[in-house]
Amino acid sequence: MTFFADIMAATFRNATPLVYGTVGETYTERAGILNLGVEGTMYAGAFFGFAVAYHTGDPWIGLLGAIIVGLMAGALMALMTVTLGANQHVSGLGLTIVLIGISEFANRLMFTGSTLARIEPMPLWDPLAGLGPIGTIANQYGLTYIGFFVVVPISWWVLMKTPLGLSIRAVGENPEAADVAGISVFRIRYIALMIGGALMAVGGAFITLAVLGTFTLDIIAGRGWVVIALVIFGRWRIFRGVLGALIFAAVYSLGLRLHITPGFEGIPNEIMLALPYVIVIVALALSGRNVPYPGAYLKPYRRS
Amino acid sequence: MTLELRRMAENRVGRAGMIAIGAIITILAVTGSAFVIAGANPVDAYYAYFITPLTREFTLLEVLNKATPILFTGTAVAIAFRAGYWNIGVEGQLLMGAVAAAGIGQVVEGWPTLLVLPLMIAGGALAGAAWALVPALLRVRMGIDEVVTTLLLNPVALLVVQGLLHGPWKDPETGFPESPRMAEAAEFPQLSEFIPLIGRSRLHLGFIIAIVVIVIAWWVLSRTSTGLRVRAVGLSPHGARFAGIKVERTLLRVALVSGAIAGIAGVSEVAGIQFRLTEGVSPGFGYTGVVVAMLGGLTMPGVLIAGLLLGDLSVGASSAVRSLQIPSQVGDVVQGTLLLVVIGAVAIYRWRTTREDDRPPDEGEPPPDEPEGQAPVETPPT
């Protein structure tokens, strides 16, 4: 029983950065922009969130710092793909290269000493302590609670039930019609990319501010690419994307746990770590056929 | 009429000049700030990054050496992008080529070099192509976006490398995660050994192979009917299909060739530089390949120039660590900034130009080197 409770608890914890990233990427792709800058944005959120928290002593101010960096990353992506109309694939990859470069450069300048810089990480919330396995599962970081119970439902509501969400979906499906209807395609795409960037950065910052309490190189380790897959797997729907994140995190957590379980030591750790990626690819192959891409996916909008 | 055309041409040249100046100012402002933040004089820093490596024979040869892997990966990316196949898995395909080279290199002790080298190159090419096969099949058979699948296989490839190095290939004596040193017969000869004009350096056979690959790729792309088909598919899959080109088969072949070239990059790094497999065999050469391909405008001469430029930047960045105490990470910032500013400038130029010609972008001929806005063939946006 404790085994499954531990796995469940780890699943929600490991899913958290993916949930923030997936919800963020859903905003941008619903607006018609594939943001391959997600890997770099999560990386910059992780680093700058940590750096601000380290210098102010407060992880929540660090989180604010990460959000600001994420907004800026989203605005830069918007400048490239919305204002200039540059190729989205390459702009996103370029953004990732620049943001990882800047983060590692700043890391080098700020934390040069031989001792590892650490912060007091965000505390765990333990509302159901004493309820046995359920208490174990509910023992999570605040950002996990906020992610699953605030960000996910509100984002669904915003995208599906509000005028802003309607505008985002309109500029992603048919920007010409949206423009005729008086919606500013540029403005809405900027807003979607900036909201998305902020959420991605929070996803990255969760790892440094809550889980680790420190920053290490290669901290995102391809989670951004997983996010891109989860959005397609979720067919641009928030809850399906979250489900994908949970499945990925469950396989990941199970693999990590099995590695230290008697009887499974013989299986190399690397196979366990590679398994979730393989499962995502298989899931895409099984479910990704003829997926309904947003109508204006990858297309810059120009009034002609 | 003639006058009109000439004025338009002059306008275009003028506009291109303005945009180029704007781009250069942006690059200087961004990278200059990075240098200032690092505590260096920007003028000294630019000199150290771009000029110093060219001033001595040893560093000049090192520029060619550093350019070698990214000339391969740049070519691999450019070929795929030209066909509208977004192979962003060059990093993983390179790692698989490196694994193949290290594997073959361990078992060929005493074999003749002339047999070993082709075997190893073929093995690496095959391994790279094999790693590219699954995303390519998913794309052409089922319409699964290759961007995602190629990207996701990069971390998997790195895990394969780590699994081998922490498992069966771990150095039995030192316990380091390094494969055993490869047989001498498998090492790429250094160019200074058989070209008398070339001085002492690490420059190896891989550079020659990279140049040969680029020349062949240039010839095939621009001078053969195969190249014409590749470019046609990249410009308009629907048009190409209408013209009787087998789009899926073309994409599959392009993906495999791209993967094979990436695999040879891995062979070149293992057999020419490291002589063994290490976890750090590629510090992101696959992603740098995207930068090289885009800076080169997806043309082979462009890839050659961009690869040499980034090789220059790489040597400059590592020497500036010592001479000016600029952290080497600034090199990545410079590289990414170059990429963003250049594709931004190209986008502005195209947009203004097509507008002037009263040709909305979606009706006009898409620019040859930027096949953008094309969703996967099987899932055309409605």
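Described below are features of the structure shown in this document.

What counts and how
Residues numbered from 1 in each chain as written. Chains lettered and ligands numbered in written order. Predicted model: local features only at pLDDT ≥ 70, side-chain atom pairs only at ≥ 80, totals over all residues. Helix = DSSP H or I, 4+ residues; strand = E, 2+ residues; numbered from the N terminus. Rg over C-alpha atoms; globule rule 2.2 N^0.38 Å. Buried ≥ 20, exposed ≤ 12 C-beta atoms within 10 Å, placed from the backbone. Contact = placed C-beta atoms within 7 Å. Core = buried A, V, L, I, M, F, W, Y, C linked by C-beta atoms within 7 Å. Nonpolar A, V, L, I, M, F, W, Y, C, P; charged D, E, K, R; others polar.

Quick word on the overall build of chain A
Thought 1: A tally of regular secondary structure across chain A gives 12 helices and two strands.
Thought 2: From first element to last, N terminus to C terminus, chain A shows the α and β order α-α-α-α-β-α-β-α-α-α-α-α-α-α.
Thought 3: Its C-alpha atoms give chain A a radius of gyration of 19 Å, within 12% of the compact-globule value 19 Å for 304 residues.
Thought 4: Each principal axis of the C-alpha distribution contributes one length, and for chain A these read about 65 × 45 × 35 Å.
Thought 5: In chain A, which comprises 304 residues, the proportion classed as buried is 55%.
Thought 6: For chain A, contacts bridging at least 24 residues in sequence account for 78% of all contacts bridging at least 6.

Thoughts on the environment of Q335(B)
Thought 1: Structurally, the position occupied by Q335(B) is in helix α14 (residues 329-356).
Thought 2: Separated by 44 residues in sequence, Q335(B) and V291(B) have C-alpha atoms that sit 7.6 Å apart.
Thought 3: Not counting chain neighbours up to four residues away, the residues in contact with Q335(B) comprise I97(A), T288(B), V291(B), L310(B) and L313(B).

Digging into the environment of G286(B)
Residues and elements named next belong to chain B.
Thought 1: Here G286 shows up in helix α12 (residues 285-295).
Thought 2: Linking G286 and N87, residues 199 residues apart in sequence, is a C-alpha distance of 10.0 Å.
Thought 3: In contact with G286, not counting residues within four places along its chain, are T73, V90, E91, L94, N154 and A262.

A few points about the nonpolar core
Thought 1: Of all hydrophobic cores here, the largest spans 223 residues; its most connected members are A46(A), A201(A), A229(A), A98(B), V99(B) and L152(B).
Thought 2: Per-element tally for this core: the top contributor is helix α9 (residues 185-212) of chain A, with 16 residues.
Thought 3: Once residues within four sequence positions are removed from consideration, V99(B) is found in contact with A127(B), V160(B), V161(B), L164(B) and L277(B).

Some words on helix α10 (residues 223-233) of chain A
Thought 1: Among the 11 residues that make up α10(A), 11 are buried, leaving the element largely enclosed by the rest of the structure.
Thought 2: Looking at the buried positions of α10(A), the neighbouring elements they touch are α1 (2-30), α2 (38-56), α11 (238-259) and α12 (269-287) of chain A together with α6 (146-166) of chain B.
Thought 3: Where α10(A) terminates, the next one or two residues include R235(A), which has phi positive at roughly 50°.

Describing the interface of chain A and chain B
Often the size quoted for an interface is simply the accessible area lost on bringing the parts together.
Thought 1: Counting residues at the interface gives 48 residues for chain A and 48 residues for chain B.
Thought 2: Those elements that place two or more of their residues in the side of chain A that touches chain B are α4 (88-110), α10 and α12 of chain A.
Thought 3: Across the side of chain A that touches chain B, the residue classes tally to 31 nonpolar, 11 polar and six charged.

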